[in-house]
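Descriptive structure summary
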Amino acid sequence: MHIVFLILIIGSNFRAFKAEWNPLIVYEGGETIGFSTKIELARSVLCSTGQSQQQCTILRRNCDKEITTSLCLSSNIPKNITSMSPTNSSHYIISTIHNTTDPEFLQFILPVIEQIVSLPEDKLHPSPITNSLFTSLVNLICVDDLKGDTISTILSHHDIIGYQQQLMQKCSSAEYFLEVDFARQVQSGAKSIEDFLYYENYVSLVQFEMESLKIYAGNVSINRAVVIGSGPLPLTSVEVLKHLPPSAVIINYDHSAEAVELGTIVINKISRLSVEHRSALQITAKDLEEVDLVYLAALVGIDKAEKMEIMKHLYDVMRPGSILIARSAIGLKTLVYRRLTIEEFGEFSNIQEFHPKDKKVLNSIACGTR
C-alpha cells in the first residue's frame, strides 16, 4: 500500500501517530516534532503557515531557498536533521506510509476529515492549508488496495457517519471556490486551463467515461451533448469534445450566474462550446430535442430526494433513445460524492454502472437510456 497522507497538528499537545513506515512519529509535548528515522524520507514539511515570510525553520535554519508556497522540499533539508523547532502552532507533515493496518488507516483519515469539517466557509477558498487538506483527503480515499471489509468498517464508523454530510458540503464548496479562483486566473491571462491543479484528473476521468460509453452503447454517434452542472471551469465539456466528431457541439448548463459568466470566459475560444444559465429543473424538452448525450455532474442534487427529482425531470424532457451519464462514486470516494442507486434512475432503462481501474479517478458513472 502506498498512501500519501497529511496530518494537521494544532497546539502544543501533539498527538503521536504511528505507522509501519520505518516509522515517522510525531511526539507529544514540548516544542519539538521528532522524527525517529531519516527525515529525507518525508515528502515535504510545511510550517509557519499563515506567517508573512512563510518559511520553514528547521533547527533554527531556513531552507536553502525561500519557497513562496511555504513548502520546504525534502531536497532542501539537510539529511542529518532529526528534529524540527516549530515556529507556529499549526504544522503540516506530508510523508509516505506503507503497510498501514486498518485501525491505523482510520486514525490517519479521521484527523483530516475533522479538520476539513471544522473549516469555516471563508477558509474553504484556495490556500496552502486548504489545498493541502483536500489533497490529503483525495490521496487517502484513492488508496488502491484496501479490502472491502476495511472500507465497510471505515464508512460505518460512527464518527465518519456523523461527519459525512458536512464533509460533502465542505468539499462541494471548496471545489467551487477552487474553480472560481482558477477561472479568474484564466480570465486575467495568468493561466491556461491546462495549468489547473486537477487537469490531468479530468483527462483521465473523461477518457474512462468515453471508454465506458462505448461499452454501454457501442459506436453511438454523439453530435450534440449537454453537461448539467458545468461549474465555473467547464473542463468536462472541453475534454469530452475531443472525443466527439468534428461537427459536434456541447451546451453547458449551470444554476450559478457567476459560474456561467466565468465558464463562458474560460471556453470563449472554443466555438463548439457554450454556457447557459439554467438549473437542471429549468431545462426543457426543446433544449434537449436534438441532444444525444446528457451529462449530470456528481454535485447536482445534494441528496437522494433532490437527485430523484432531477432524474425524473430529465426523463420527462430527454428525447427517446438519448443517453444519460450520471457521475457517481464507490468505496471511500462516497465520502465526497454520493453513490447513485437504481431507484434514483426511475424510468430510465438499461442502467449500468462503471468503475474506473485507475484509482486516482474519483468518479464512477452510471448510464441509462431514455
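Basis of the calculations
Residues numbered from 1 in each chain as written. Predicted model: local features only at pLDDT ≥ 70, side-chain atom pairs only at ≥ 80, totals over all residues. Heavy atoms only, no water. Axes fitted to C-alpha atoms, helices over the stretch in contact; angles between N-to-C directions. Helix = DSSP H or I, 4+ residues; strand = E, 2+ residues; numbered from the N terminus. Parallel < 35°, antiparallel > 145°, perpendicular 65-115°, else oblique. Left-handed = near helix turned anticlockwise from the far one by under 90°. Contact = heavy atoms within 4.5 Å. Nonpolar A, V, L, I, M, F, W, Y, C, P; charged D, E, K, R; others polar. 1 Å grid on protein atoms, 1.4 Å probe; cavity = no way out; pocket = protein on both sides within 12 Å on 5 of 7 lines; lining within 4 Å. Points joined across faces, edges and corners; volume = space filled by probe spheres on them. pLDDT = per-residue confidence, 0-100. Core = buried A, V, L, I, M, F, W, Y, C linked by side-chain atoms within 4.5 Å. Buried < 20%, exposed > 50% of the residue type's maximum accessible area, 1.4 Å probe, protein only. Pairing = 2+ DSSP bridges. Phe/Tyr/Trp six-rings, centres within 6.5 Å; stacked < 30°, edge-to-face > 60°.

1. Remarks on the packing of helix α2 (residues 128-141) against helix α4 (residues 158-188)
Between α2 and α4, the least distance of the axes is 12 Å, while the angle of their chain directions is 120°. Relative to α4, α2 is oriented oblique. Seen along the crossing, α2 lies across α4 with a hand that is left-handed. Of the residues in α4, those touching α2 at Asn131, Phe134 and Leu137 are Leu167, Lys170, Cys171, Ala174 and Leu178. Across the contact of α2 with α4, the residue classes tally to six nonpolar, one polar and one charged.

2. Looking at empty space enclosed by the protein
Evaluation of the coordinates by the stated rule reveals two cavities of 30 Å³ or more. Estimates place the volume of the largest cavity at around 70 Å³. Residues belonging to the lining of the largest cavity are distributed by class as follows: six nonpolar, two polar and one charged.

3. Some words on the packing of α4 against helix α7 (residues 257-266)
Remark: α4 packs on α7, axes separated minimally by 9 Å, with the N-to-C direction vectors making an angle of 40°. Between α4 and α7, the interaxial angle falls into the category oblique. Two packed elements cross with a definite hand, and for α4 against α7 that hand is left-handed. Across the interface between the two elements, Tyr176, Val180, Ala183, Arg184, Val186 and Gln187 of α4 pack against Glu258, Ala259, Leu262, Ile265 and Val266 of α7. In terms of residue class, the contact of α4 with α7 is built from eight nonpolar, one polar and two charged.

4. Description of the confidence of the model for the protein
As a note on interpretation, predicted positions should not be read in detail where pLDDT is low. Of all residues in the protein, 71% attain a pLDDT of 70 or more, and the chain-wide mean is 75. When the criterion is pLDDT under 50, residues 1-101 qualifies, and its contacts beyond four places in sequence or with other chains add up to 211 contacts.

5. What about the nonpolar core?
Counting 40 residues, the largest nonpolar core has Phe196, Ile250 and Leu293 as the members making the most contacts within it. If you tally residues by element for this core, the top one is helix α5 (residues 199-217), at eight residues. Discounting residues that sit within four places of it in the chain, Phe196 has contacts with Leu178, Glu179, Phe182, Tyr202, Leu233 and Leu235. Within the second largest apolar cluster, 32 residues are counted, among which are Leu137, Leu146, Leu332 and Tyr337.

6. Some thoughts on the sheet that holds strand β9 (residues 224-228)
Ordered by their spatial adjacency, seven strands build an open sheet running β11-β10-β9-β12-β13-β15-β14, and the pairing between neighbours is mixed. With one partner strand each, in any of the chains shown, β11 (273-277) and β14 (349-354) form the two edges of the open sheet. For this sheet the average axis-to-axis angle between neighbouring strands, irrespective of direction, equals 20°. Relative to β11, strand β10 (residues 249-254) runs parallel, the two sharing five bridges. Residue pairing for β11: Asn252 is matched across the bridge by Val275.

7. What about the packing of aromatic side chains?
In the structure shown here, the tally under the stated rule is six aromatic pairs. Pairing Phe182 with Phe196 gives two aromatic rings, centres 5.1 Å apart and planes at 65°, and the pair type is edge-to-face. With Phe182 in helix α4 and Phe196 in the loop between α4 and α5, this residue pair connects regions lying 14 residues apart in the sequence. Note on accessibility: Phe182 and Phe196 belong to one class, buried.

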